[in-house]
Amino acid sequence: MSMGAVNLSRFLVEHERQWGIERGLQDLLNNIAFASKIVSREVNKAGLVEILGLTGETNVQGEEVQKLDMFAEETFIHALEPLGLLAIMTDEEQDEIIPIPDKFPTGPYVFLFDPLDGSSNIDANVSIGTIFAIYRKISKAERGVLEDCLQPGNQIEMAGYVIYGSSTMLVFSCGHGVHGFTLDPSCGEFLLSHPDICMPEKTKNFSVNEGNYFKWEKNIRNYIDYCKTPDKESGRPYSGRYIGSLVADFHRNLLYGGIFLYPGTKDKPGGKLRLLYEGNPLSYIAEQAGGAGTTGTERILDIKPDTIHQRIPLIIGPKKECDIYDKFAKGKI
Ligand code: P6P
């Protein structure tokens, strides 16, 4: 018999005893879900502003709506800062950490997020996403400080992403597997649609911007050539699948089995993607689903961040495939 519709808050309550999820963490995730519903509504009407002349608030102009990542950032900040759950926040759009205003109480958690990754794709109606990671405050300060935002990903309490695509999905983990919820706009609830997501062990796709091919070191080029070399036993050549929107590429590879790569280049050895807002949360999800996240020389989650906008080479995929990548990167193959 079907279990009936299970919404996010019921899922969290049902697993509270079994997983020991603190009520504060549940409240935080429920409010992240709330904020993402608001963002989803704006993302889904972005293309209509011109046609319908949607003005909404008096100050909404065409160019305002184009700044969806600013809208998303404000929506998450305004939804989460009054809750008395956060000590500090920071996000990819801000140069500095975001303190909790004095008028609000603080709490034990640290919220790091990328409000709307891939937003440059919105005009082409490509799926985009919000990515987040939640840590516990470690400093003695009552209101969090920079040190609280520079923890390694192996300290993550909860992480996830929201993908605004053909449907809006929230995928998260709090250390007990990966679970996906699909937004039912007719009732405004995220309903459990993908319990216990496991990343297939077999690599089906490889996702990389091959336009960078001649900027990579030889070892990296050798791995990409390996992905394209026919080999019956390993199922190569892998299919090339690259959307250019991280959350969309990651989500497809999580479900279908694939390796995502944004290696460093000779001019940018750190690559393009950020450790705090992309590398750590998505590597955490990948590991919880049985996969891995590596730079080619070290486990992403073990990196001690130096700065809040630090970039790292990001390779995420099936564990076996990431181990093969590491061997190529180290020149062992
Ligand atoms: P490139 C989008 O701009 C983004 O930040 C990620 O979503 C995506 O994976 C990457 O950059 C694409 O970068 O250099 O391949 O266009």
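**A word on the overall build of the protein chain**
Part 1 of the reasoning: Helices and strands together make up the secondary structure of the protein chain, namely 10 helices and 13 strands.
Part 2 of the reasoning: Relative to a compact globule of 333 residues, whose C-alpha radius of gyration would be 20 Å, the protein chain shows 20 Å and is just as compact.
Part 3 of the reasoning: C-alpha atoms of the protein chain, sized along the principal axes, occupy 55 × 50 × 50 Å.
Part 4 of the reasoning: Residues classed as buried in the protein chain amount to 54% of the 333 residues present.
Part 5 of the reasoning: Within the protein chain, counting contacts between residues at least 6 apart in sequence, those at least 24 apart form 63% of the total.
Part 6 of the reasoning: A total accessible area of about 14,800 Å² is found for the protein chain, and carbon and sulfur atoms account for 52% of it.
Part 7 of the reasoning: When the 34 basic and 45 acidic side-chain charges of the protein chain are each reduced to a single mean position, those positions are 7 Å apart.

**Topic: the domain arrangement of the protein chain**
Note: interface size is frequently given as the accessible area lost on complex formation between the parts.
Part 1 of the reasoning: For the protein chain, the assigned domains are domain 1 (8–194) and domain 2 (205–329).
Part 2 of the reasoning: Centre-to-centre separation of domain 1 and domain 2, based on C-alpha positions: 24 Å.
Part 3 of the reasoning: Taken together, the contact pairs 45 residues of domain 1 with 31 residues of domain 2.
Part 4 of the reasoning: Where domain 1 touches domain 2, the interface holds 0 salt bridges.
Part 5 of the reasoning: Here domain 1 is connected to domain 2 by 12 residue pairs in polar contact (both at pLDDT 80 or more).
Part 6 of the reasoning: Listed by contribution, the elements that provide at least two residues to the side of domain 1 that touches domain 2 are β1 (86–91), β3 (109–117), β4 (128–136), α6 (146–149), β5 (158–164) and β6 (168–173).

**Description of the confidence of the model for the protein chain**
Part 1 of the reasoning: With 93% of its residues at a pLDDT of 70 or more, the protein chain shows a mean pLDDT of 92.
Part 2 of the reasoning: Below pLDDT 50 for its whole length, residues 52–66 participates in 13 contacts with residues either more than four positions away or in separate chains.

**Observations concerning the pairing of β4**
Part 1 of the reasoning: Of all the 9 residues making up β4, 8 are buried; the element is thus mostly covered by neighbouring parts of the structure.
Part 2 of the reasoning: Bridge count for β3 against β4 is 7 bridges, and the pairing is antiparallel. From the neighbouring strand, Val110 faces β4, where its bridge partner is Tyr135.

**Some thoughts on the site of the ligand**
Part 1 of the reasoning: Taken together, Asp117, Gly118, Asn209, Tyr242, Gly244, Ser245, Leu246, Phe260, Tyr262 and Lys272 are the residues near the ligand.
Part 2 of the reasoning: Within the contact set of the ligand, an oxygen atom lies 2.5 Å away from a side-chain nitrogen or oxygen of Asp117.
Part 3 of the reasoning: For the ligand, an oxygen atom lies 2.6 Å from a polar atom in the side chain of Tyr242.
Part 4 of the reasoning: Here the ligand, which alone exposes 400 Å², has 79% of that area covered by the protein.
Part 5 of the reasoning: The residue inventory of the shell around the ligand, partitioned by class, reads 4 nonpolar, 4 polar and 2 charged.

How each quantity is defined
- Residues numbered from 1 in each chain as written.
- Predicted model: local features only at pLDDT ≥ 70, side-chain atom pairs only at ≥ 80, totals over all residues.
- Heavy atoms only, no water.
- Helix = DSSP H or I, 4+ residues; strand = E, 2+ residues; numbered from the N terminus.
- Rg over C-alpha atoms; globule rule 2.2 N^0.38 Å.
- Buried < 20%, exposed > 50% of the residue type's maximum accessible area, 1.4 Å probe, protein only.
- Contact = heavy atoms within 4.5 Å.
- Areas by Shrake-Rupley, 256 points an atom, 1.4 Å probe, with all protein chains shown as cover.
- Lys, Arg positive; Asp, Glu negative; His and termini not counted.
- Charge placed at Lys NZ, Arg CZ, Asp CG, Glu CD.
- Domains from an automatic or database assignment.
- Salt bridge = Lys/Arg side-chain N within 4 Å of Asp/Glu carboxyl O.
- Polar contact = N/O pair within 3.5 Å; in protein donor to acceptor, adjacent residues only side chain to side chain.
- pLDDT = per-residue confidence, 0-100.
- Pairing = 2+ DSSP bridges.
- Near = heavy atom within 4 Å.
- Nonpolar A, V, L, I, M, F, W, Y, C, P; charged D, E, K, R; others polar.

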